[in-house]
Amino acid sequence: MARKQHTARGRNAARNRNAALPGTEAAVASDTGVIAASASRIGDWPLAAGLALLTVLVVFLDHTTGDELRVVPLLVVVPALASVYCTLRQTVWVAVWMTTVVVGFRVGADGTFWDFVFGIGFAVLACALGVAACAARIRHATEMARLRSAAVALQRQILRPLPVVTDHLFAYGLYEPIEEDRFVGGDIYEVVESPHGTRVIIGDVQGKGIAAIGAGFAAIAAFREAAIREPTLTGVVEALEDAVVRHNVFSAQTGEAERFVTALVLGFDESGRVEAVNCGHLPPRLLHEGRASAVTLHRTYVPLGLAGLSREIRTTESFALPPDATLLVVTDGVTEARDAAGAFYPLDDRVGRWAGRGPRELLAALHADLEDFSDGVRRDDIAALALRRAPAEDRLRRRAAAV
């Protein structure tokens, strides 16, 4: 048995080495966020054309109004406006141009020496403040982009790269974290091969932000240990409950809000049936023979972390999973995606279209359809697993290779 576990770990380690490295993805995401934060919203040529037109218009108005109303000095506010939409280089260019125009106007205008000195000094100061404001905006946006990328990198380091292949299961996945700082979510999933079968969890931590990631990590860490140690699925769920409760105690001591975790915990073995304990999560969808339907789970228990509020004792249910069927489990980031009119994503209506596809193609179609439905606007993480039972001949072949 120990040799079998070692072989499974080696197989998964080799597969993970071939997958995209989370650290590399994080670095790319961080660089992309920094570039986007410092990018201009206005091209160089449109900016130059706009400045030329504005300068001509202001000089014309100044010439028209004469000495009664001087309009050219008002150009010193343009660098401040440019600092909101332009890069630092563009803002410096605008500031230099506007300073040159104002200085040229002052040189040819009537007035005392001190009028000239104060006019030029005010123009230089206003333009310098515009450049400084642009630099501060870009620095703040860059810091926020790096923080968002760090949060997403933390999520990706916690979660296992997919797909995962075990003796009992082929597990394919879709995971799209949201990168807006106040919307960073806590979707979790894990697949663990154990002496008692393959255990799977998918869940969603209540709330958003870095604290939600911490609660998710506590649940994932407990699941990875309990899935191998506990002989029963209810024992795994009890270990998860204890872990979330302990995390909430620590959170309360540090001033953080207590959180609960909705979760669906599944167990796969060689019997052809799937054990399930539903702790307030969405039910799975079964895709088989060209049809898709929600799996009926008769008992839905309180989320993890809230068992103290209920007298119910969590028990398992089981349902059949044919060898050529696909089990789809998702988080509410899928079902609560909205279109432009505010309507929720109709998962059950859409997933039936792809019931005849394999797990990879199913998830690819789901991802593309979600993006099209929501026009690329998301307010929550998206996590989905497509699970298919490993054929018996594959299990026999792996066991023969392990001997």
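Overview of the structure. As the structure is a prediction and not an experimental result, all values here were calculated from the model.

1. Things to note about the nonpolar core
Of all hydrophobic cores here, the largest spans 53 residues; its most connected members are Leu-266, Phe-268, Leu-327 and Leu-387. Per-element tally for this core: the top contributor is helix 7 (residues 210-229), with 9 residues. The contacts of Leu-387, once residues within four sequence positions are left out, are Leu-169, Phe-170, Ala-171, Val-200, Leu-266, Phe-268, Ala-325, Thr-326 and Leu-327.

2. Considerations on the packing of helix 7 against helix 8 (residues 233-253)
Helix-helix packing: each pair is described by the crossing angle between the helix axes and the interaxial distance. In contact at an axis separation of 8 Å, helix 7 and helix 8 are set at 150° when each is read in the N-to-C sense. With respect to helix 8, the element helix 7 is oriented roughly antiparallel. Judged by the twist between their axes, the crossing of helix 7 over helix 8 is right-handed. Residue-level contacts link Ala-211, Gly-214, Ala-215, Ala-218, Ala-219, Ala-222, Phe-223, Ala-226, Ala-227 and Arg-229 of helix 7 to Val-236, Ala-239, Leu-240, Ala-243, Val-244 and His-247 of helix 8. Classifying every residue of the contact of helix 7 with helix 8 gives 13 nonpolar, 2 polar and 1 charged.

3. A closer look at the side chain of Asp-62
On the secondary structure map, Asp-62 appears in helix 3 (residues 44-65). Judged by relative accessible area, which is 4%, Asp-62 ranks as buried. Separated by 3.4 Å, the side chain of Asp-62 and the backbone nitrogen of Val-72 make a polar contact.

4. Quick notes on the pattern of salt bridges
All told, the structure shown has 9 salt bridges when counted by the stated rule. With a closest N to O distance of 3.1 Å, Asp-44 and Arg-89 form a salt bridge. Here Arg-89 lies in helix 5 (residues 88-108) and Asp-44 lies in helix 3, a separation of 45 residues in the sequence. Notably, a salt bridge pairs Arg-229 with Glu-225, separated by 3.0 Å at the nearest N-O pair. Here the residue Arg-229 and the residue Glu-225 both occupy positions in helix 7, the gap between them amounting to 4 residues, near one helical turn. For Arg-229, a relative accessible area of 43% corresponds to the partly exposed category. Three or more residues are tied together by salt bridges with common partners; here these are Arg-160, Glu-190 and Arg-224.

What counts, and at which threshold
Residues numbered from 1 in each chain as written. Predicted model: local features only at pLDDT ≥ 70, side-chain atom pairs only at ≥ 80, totals over all residues. Heavy atoms only, no water. Core = buried A, V, L, I, M, F, W, Y, C linked by side-chain atoms within 4.5 Å. Buried < 20%, exposed > 50% of the residue type's maximum accessible area, 1.4 Å probe, protein only. Helix = DSSP H or I, 4+ residues; strand = E, 2+ residues; numbered from the N terminus. Contact = heavy atoms within 4.5 Å. Axes fitted to C-alpha atoms, helices over the stretch in contact; angles between N-to-C directions. Parallel < 35°, antiparallel > 145°, perpendicular 65-115°, else oblique. Left-handed = near helix turned anticlockwise from the far one by under 90°. Nonpolar A, V, L, I, M, F, W, Y, C, P; charged D, E, K, R; others polar. Polar contact = N/O pair within 3.5 Å; in protein donor to acceptor, adjacent residues only side chain to side chain. Salt bridge = Lys/Arg side-chain N within 4 Å of Asp/Glu carboxyl O.

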